[in-house]
Amino acid sequence: SVQLVESGGGSVQAGGSLRLSCTASGYTYSSYYMGWFRQAPGKERERVAAIYTGGGEPYYADPVQGRFTISRDNAKNTVYLQMNSLKPEDTAMYYCAADPSSYVIWVRGNPGYWGQGTQVTVST
């Protein structure tokens, strides 16, 4: 079965940086989309960024464009989310996700595989 394991969350002051990591295992596809979603208390889950392990331009949600960078290391089956210039509104549980379809992961926002989540807290 597919497993996604996140790490790297924590607490940081506004303007600071964090890097999240997500390592995938058990995937039967040679290439697939991996991405990050987040959900703050009382709010709907929202997409953050996604990237195709086979290459191409990544996807970013407008609120994080220019501040967050998603990258991949295919040799390690790992995707990273570098988060810079963090704001209090970035506070949320961040989830790694994966799906073979860009439409499912980015348009529908309902990928087939999810990690357990890692908390990011940004204080003023």
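Please refer to the structure placed before this passage.
Quick notes on the rules
- Residues numbered from 1 in each chain as written.
- Predicted model: local features only at pLDDT ≥ 70, side-chain atom pairs only at ≥ 80, totals over all residues.
- Heavy atoms only, no water.
- Core = buried A, V, L, I, M, F, W, Y, C linked by side-chain atoms within 4.5 Å.
- Buried < 20%, exposed > 50% of the residue type's maximum accessible area, 1.4 Å probe, protein only.
- Helix = DSSP H or I, 4+ residues; strand = E, 2+ residues; numbered from the N terminus.
- Contact = heavy atoms within 4.5 Å.
- Pairing = 2+ DSSP bridges.
- Disulfide = S-S within 2.5 Å.
- Axes fitted to C-alpha atoms, helices over the stretch in contact; angles between N-to-C directions.

A. Fine view of the nonpolar core. By size, the foremost hydrophobic cluster in this structure holds 30 residues, and its most contacted members are M34, W36, L81, M83 and Y94. Put simply, the parts of the chain that give this core at least two residues each are β3 (18–25), β4 (33–39), β5 (46–52), β7 (68–73), β8 (78–83), β9 (92–99) and β11 (118–123). If sequence neighbours within four positions are ignored, Y94 has contacts with E6, L20, W36, F37, R38, V48, F68, L81, M83, G117, T118 and V120. In terms of nonpolar packing, the next biggest core, distinct from the first, is built from 6 residues, Y33, A97, I105 and W106 among them.

B. Layout of the pairing of β5. Pairing between β4 and β5: 6 bridges, direction antiparallel. Of the residues in β5, the one forming a bridge with M34 is I51. Across 2 bridges, the pairing between β5 and strand β6 (residues 59–60) is antiparallel. For A49, the partnering residue across the bridge sits in β6 and is Y60. Counted between consecutive antiparallel strands, the loop separating β5 from β6 contains 6 residues, among which G55 sits at a positive phi close to 110 degrees.

C. Region of the structure containing the state of the cysteines. Taken as a whole, this structure holds 1 disulfide when the rule is applied. Here C22 pairs with C96 through a disulfide, and the sulfurs are 2.0 Å apart. Residues C22 and C96 share a disulfide whose torsion about the S-S bond is about -80 degrees; that sign makes it left-handed. With C22 in strand β3 and C96 in strand β9, this pair connects stretches of sequence that are 74 residues apart. The class of C22 is buried, set by a relative accessible area of 0%.

D. The arrangement of the pairing of β11 in detail. Only one face of β11 is buried, namely the one carrying T118, V120 and V122, since none of Q119, T121 and S123 on the opposite face is buried. Alignment of strand β2 (residues 10–13) against β11, held across 4 bridges, turns out to be parallel. Bridging from a neighbouring strand, V12 pairs with V122 of β11. Across 3 bridges, the pairing between β9 and β11 is antiparallel. Bridging from a neighbouring strand, Y94 pairs with T118 of β11.

E. Fine view of the sheet that holds β8. Read from one edge of the open sheet, 4 strands run β1-β3-β8-β7, paired in antiparallel fashion. In this open sheet, the two strands that pair with only one neighbour each are β1 (3–7) and β7. The mean angle between the axes of side-by-side strands here comes to 15 degrees, regardless of whether they run parallel or antiparallel. For β7 and β8, the ladder comprises 6 bridges, and the chain directions are antiparallel. By the bridge assignment, I70 is partnered in β8 with L81.

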